[in-house]
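Coordinates in review
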Amino acid sequence: MKSRLSPYLFILPFVALMALFFIYPLGRSAWLSLHVSAGPDTKCFIGLNNYAFLIRDKLFWLALANTTLYTVLFLLVQIPLSIALALMLNHPRLRARALFRFLFLLPLVIGHVFVAMIFALLLSPGHGLINQCIGLLGGNPNLNWRDHPALAVPALVLMTVWLTVGYGAICLLAALQSVDPDLYDAANLDGASSPRR
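Residues numbered from 1 in each chain as written. Predicted model: local features only at pLDDT ≥ 70, side-chain atom pairs only at ≥ 80, totals over all residues. Heavy atoms only, no water.

Remarks on the overall build of the chain
Quick note on the threshold: Helix and strand definitions here come from DSSP, where helices need a minimum of 4 consecutive H or I residues and strands a minimum of 2 consecutive E residues; each element is numbered from the N-terminal end. C-alpha atoms define the radius of gyration in this analysis, and the globule rule sets the expected value at 2.2 Å times the number of residues to the power 0.38. Buried residues are those whose accessible area, probed at 1.4 Å on protein chains only, stays under 20% of the maximum for their type, while exposed residues exceed 50% and partly exposed ones sit between those limits. Contact between two residues is taken to exist if any of their heavy atoms lie within 4.5 Å; hydrogens are not considered. The protein chains shown are the only cover counted for residues, whose accessible areas, like all others here, come from Shrake-Rupley with a 1.4 Å probe. Neither His nor the chain ends is counted toward charge; the positive residues are Lys and Arg and the negative residues Asp and Glu. Charge positions come from single atoms, namely NZ of Lys, CZ of Arg, CG of Asp or CD of Glu.
In terms of helices and strands, the chain carries eight helices and two strands. Put simply, the chain runs from its N terminus to its C terminus through helices and strands in the order α-β-β-α-α-α-α-α-α-α. Computed over C-alpha atoms, the radius of gyration of the chain comes to 25 Å, more than 25% over the 16 Å expected from 2.2 N^0.38 for 197 residues, which places it beyond the range of a compact globule. Over its C-alpha atoms, taken along the principal directions, the chain stretches across nearly 70 × 70 × 30 Å. For the chain, the residues scored as buried account for 16% of the 197 residues in total. Pairs at least 24 apart in sequence give 45% of the contacts found in the chain among residues at least 6 apart. With the model as given, the accessible surface of the chain reaches about 14,700 Å², and the carbon-plus-sulfur share is 72%. Taken as two groups, the 13 positive and 7 negative side-chain charges of the chain have centres that lie 6 Å from each other.

Structure representation (structure tokens):
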């Protein structure tokens with residue numbers, strides 16, 4: 001009996017925490033989405049009317065399009081950049097590997113608020129470093145990255161990539177270092193090029 005119950009006892013803390021902090025709030029949110037409320041005590045059941053309103057709302061579709069654009073741009077930049085950094089860190093002749101790992105993880109450690117403040121200064125119109133570089137290249141140095149509809153999403157992508165690319169590189173580096181070196185040697189003997197290896 002003990003041997004049959006012991007696996008369930010081991011996973012019980014995880015299941016309890018998952019139910020408390022994920023399943024219950026998710027179910028409660030789904031239930032509340034079927035109501036209209038004017039505070040915690042006054043709720044009126046309206047069924048799927050909130051969802052019908054959402055489907056007709058132009059701002060919802062605009063937000064969905066912006067989120068999709070942000071996600072696609074972020075993945076198109078972050079994944080190749082993380083792979084390139086991981087390959088660089090995995091190179092056997094690279095010196096100061098530990099320093100590079102620390103520097104790549106530093107943006108993730110310093111926190112999101114601090115990163116947002118740094119990028120607010122970098123992207124500020126007129127005197128921000130990025131706008132000054134654009135001005136030196138002959139462009140408009142007074143770009144308002146946060147308020148311009150075409151520039152807001154790329155600015156967010158730039159900030160998020162800077163924040164997360166190091167973490168992605170470290171994860172991919174761990175995967176690269178778990179590959180058996182004999183496989184690289186076998187690929188080298190078979191004549192595989194460096195990108196194929």
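Next comes the rest of the account.
Quick word on the nonpolar core
What counts, and what does not: In these notes, a set of buried Ala, Val, Leu, Ile, Met, Phe, Trp, Tyr and Cys residues joined through side-chain atoms within 4.5 Å is what counts as a nonpolar core.
Membership of the largest hydrophobic core is limited to 11 residues, which are Phe-74, Leu-85, Ala-86, Leu-89, Phe-104, Val-153, Val-157, Val-161, Val-165, Ala-169 and Leu-173. Mapped onto this core, the elements with two or more residues apiece are helix H3 (58–90) and helix H7 (149–177). When residues of this core are assigned to their parent elements, the largest contribution, six residues, is made by H7. Not counting chain neighbours up to four residues away, the residues in contact with Val-161 comprise Phe-74, Val-77, Gln-78 and Leu-81.

Here we look at the packing of helix H4 (residues 97–110) against H7
Any two packed helices are characterised by the angle at which their axes cross and by the distance between the axes. Inclusion rule: For every element, the axis is a line fit to its C-alpha atoms; helices are fit only across the contacting stretch, and the angle between N-to-C directions ranges from 0 to 180 degrees. Should an angle fall under 35 degrees it is taken as roughly parallel, and over 145 as roughly antiparallel, whereas 65 to 115 is taken as roughly perpendicular and any remaining angle as oblique. With the far helix as reference, a near helix turned anticlockwise by less than a right angle produces a left-handed crossing, and one turned clockwise produces a right-handed crossing. Classification used: nonpolar for Ala, Val, Leu, Ile, Met, Phe, Trp, Tyr, Cys and Pro, charged for Asp, Glu, Lys and Arg, polar for all others including Gly.
Close contact between H4 and H7 brings their axes to 7 Å; oriented N to C, the two are set at 135 degrees. Our classification of the angle between H4 and H7 gives oblique. As for the relative orientation of H4 and H7, their crossing is left-handed in sense. Side by side, H4 and H7 meet where Arg-101, Phe-104, Leu-105, Pro-107, Leu-108 and Ile-110 of the first sit next to Trp-162, Leu-163, Gly-166, Tyr-167, Ile-170, Leu-173 and Gln-177 of the second. Looking at the contact of H4 with H7 residue by residue, the classes come out as 10 nonpolar, two polar and one charged.

Thoughts on the environment of Asn-66
Within the fold, Asn-66 resides in helix H3. For the pair Asn-66 and Leu-5, spaced 61 residues apart in the sequence, the C-alpha separation amounts to 49 Å.

As for the packing of helix H5 (residues 112–122) against H7
Where H5 contacts H7, the two axes come as close as 11 Å, and the packing angle between them is 135 degrees. By the angle between their axes, H5 is oblique relative to H7. In this structure, H5 meets H7 at a crossing whose hand is right-handed. Contacts from His-112, Val-115, Ala-116 and Phe-119 of H5 reach H7 at Leu-158, Met-159, Trp-162 and Leu-163.

Brief notes about the environment of Val-165
The topology assignment puts Val-165 in helix H7. Given a relative accessible area of 11%, Val-165 falls into the buried group. As for Val-165 and Gln-78, which are separated by 87 residues in sequence, their C-alpha atoms are 5.9 Å apart. Sequence-distant contacts of Val-165, that is, excluding residues within four places in its chain, are made with Gln-78, Leu-81, Ser-82 and Leu-85.

As for the side chain of Thr-160
The topology assignment puts Thr-160 in helix H7. We classify Thr-160 as buried; its relative accessible area is 15%. Those residues in contact with Thr-160 that sit more than four places away from it in its chain are Tyr-70 and Phe-74.

Quick look at the confidence of the model for the chain
For the record, the criterion: pLDDT gives the predictor's per-residue confidence on a scale running from 0 to 100.
With 100% of its residues at a pLDDT of 70 or more, the chain has an overall mean of 87. Mean pLDDT across the elements of the chain ranges from a minimum in H4, with 80, to a maximum in H3, with 93.

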